Amino acid sequence: GASAGAGVAAAVATDAARRGVAVRSLFLDEPCLDPRANSASFAVNSATTIAPVAWLRWSWSVYYPFEHADAVSDRFFVLPRLAEPDVLGSPAHPTTLVITASADPLRAEGAAYAEALRAAGKLEAHIEAKGSHVIALTLDKEARRRGPTAG
């Protein structure tokens with residue numbers, strides 16, 4: 001999945017793992033994972049026009065209102081970033097390829113999720129492409145040639 005779709009895909013895979021249903025692999029292209037929308041990359045990349053910060057925050061307010069952003073971990077079916085390490089590291093959780101983009105407001109949350117997956121032994125690779133939201137890997141020929149950095 002890409003962006004919000006990547007967030008939904010991560011949530012479905014995490015919930016499946018919690019239930020013991022194995023998902024073989026997962027591809028997350030610049031995942032939208034944190035409704036707080038206040039990471040450093042939101043501040044640094046606030047001028048982007050491809051995925052404006054105001055629009056990303058509005059999208060979260062519709063999908064999962066901010067007052068629930070710090071919900072306990074039983075909400076990981078919506079917020080996979082809240083999954084317990086034993087769920088991320090379970091045999092049923094998929095190995096995951098995560099793509100982030102240097103000029104994307106979502107970069108920090110995607111990178112943090114990649115690190116959580118790495119710690120759980122479930123990161124296939126993390127590619128950091130140059131560029132902005134969803135189009136970075138398409139435009140960054142060097143990142144495509146370089147390929148993923150193994151988890």
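Structure's up top.
The rules behind the values
Residues numbered from 1 in each chain as written. Predicted model: local features only at pLDDT ≥ 70, side-chain atom pairs only at ≥ 80, totals over all residues. Heavy atoms only, no water. Salt bridge = Lys/Arg side-chain N within 4 Å of Asp/Glu carboxyl O. Helix = DSSP H or I, 4+ residues; strand = E, 2+ residues; numbered from the N terminus. Buried < 20%, exposed > 50% of the residue type's maximum accessible area, 1.4 Å probe, protein only. Core = buried A, V, L, I, M, F, W, Y, C linked by side-chain atoms within 4.5 Å. Contact = heavy atoms within 4.5 Å. Expected span 1.5 Å × (residues − 1).

Asker: So, the pattern of salt bridges: which residues are in play, and what are the values?
Answerer: Taken as a whole and judged by the stated rule, the model has four salt bridges. The residue aspartate 15 makes a salt bridge to arginine 18 at a minimum N-O spacing of 3.0 Å. Of this pair, aspartate 15 and arginine 18 both sit in helix H1 (residues 4-18), three residues apart, which is roughly one turn of the helix. On the basis of relative accessible area, aspartate 15 is assigned to the buried category, the value being 15%. Since its relative accessible area comes to 45%, arginine 18 is described here as partly exposed. The salt bridge involving glutamate 115 is made with arginine 118; its shortest N-O contact spans 3.1 Å. A residue pair is termed a helical-turn pair when its members lie 3 or 4 positions apart in one helix, as glutamate 115 and arginine 118 do in helix H5 (residues 107-119) at three residues.

Asker: Mind laying out the nonpolar core, listing which residues take part and the relevant values?
Answerer: A general trend in soluble globular proteins is that nonpolar side chains are found buried together. Counting residues in hydrophobic clusters, the biggest one holds 13 residues, and the most contacted among them are Ala10, Leu28, Val98, Tyr113 and Leu117. Mapped by element, the contributors of at least two residues to this core are H1, strand S1 (25-29) and H5. The next biggest cluster of nonpolar side chains, apart from the first, holds ten residues, and it includes Ala37, Ala51, Trp60 and Leu79.

Asker: Explain the environment of serine 132 to me, using residue names and the numbers behind them.
Answerer: Along the polypeptide, serine 132 turns up in the loop between strand S3 (123-129) and helix H6 (136-139). For serine 132, a relative accessible area of 13% translates into the label buried. Along the sequence, serine 132 and threonine 48 sit 84 residues apart, while their C-alpha atoms lie 7.5 Å from each other. Beyond its immediate sequence surroundings of up to four residues, serine 132 is in contact with Glu30, Thr48, Ile50, Ala101, Ala103 and Asp104.

Asker: Let's hear about H5: which residues, and what values?
Answerer: The terminal C-alpha atoms of H5, which comprises 13 residues, lie 18 Å apart, in line with the 18 Å expected from a rise of 1.5 Å per residue. What H5 keeps buried is the set Glu109, Gly110, Ala111, Tyr113, Ala114 and Leu117. At its buried positions, H5 is contacted by H1, S1, helix H2 (40-44), helix H4 (85-88), strand S2 (95-101) and S3. Just past H5, the residue glycine 121 takes up positive phi, approximately 75°.

Asker: Before we move on, could you go through unusual backbone geometry and cite the residues and values that matter?
Answerer: Of note in this structure, glutamate 30 is not a glycine but carries a positive phi near 50°. Here glutamate 30 is to be found in the loop between S1 and H2. Assessed through its relative accessible area of 1%, glutamate 30 is described here as buried. In this structure, alanine 37 takes a positive phi of about 45° despite not being glycine. As for its position among the elements, alanine 37 is in the loop between S1 and H2. Assessed through its relative accessible area of 2%, alanine 37 is described here as buried.

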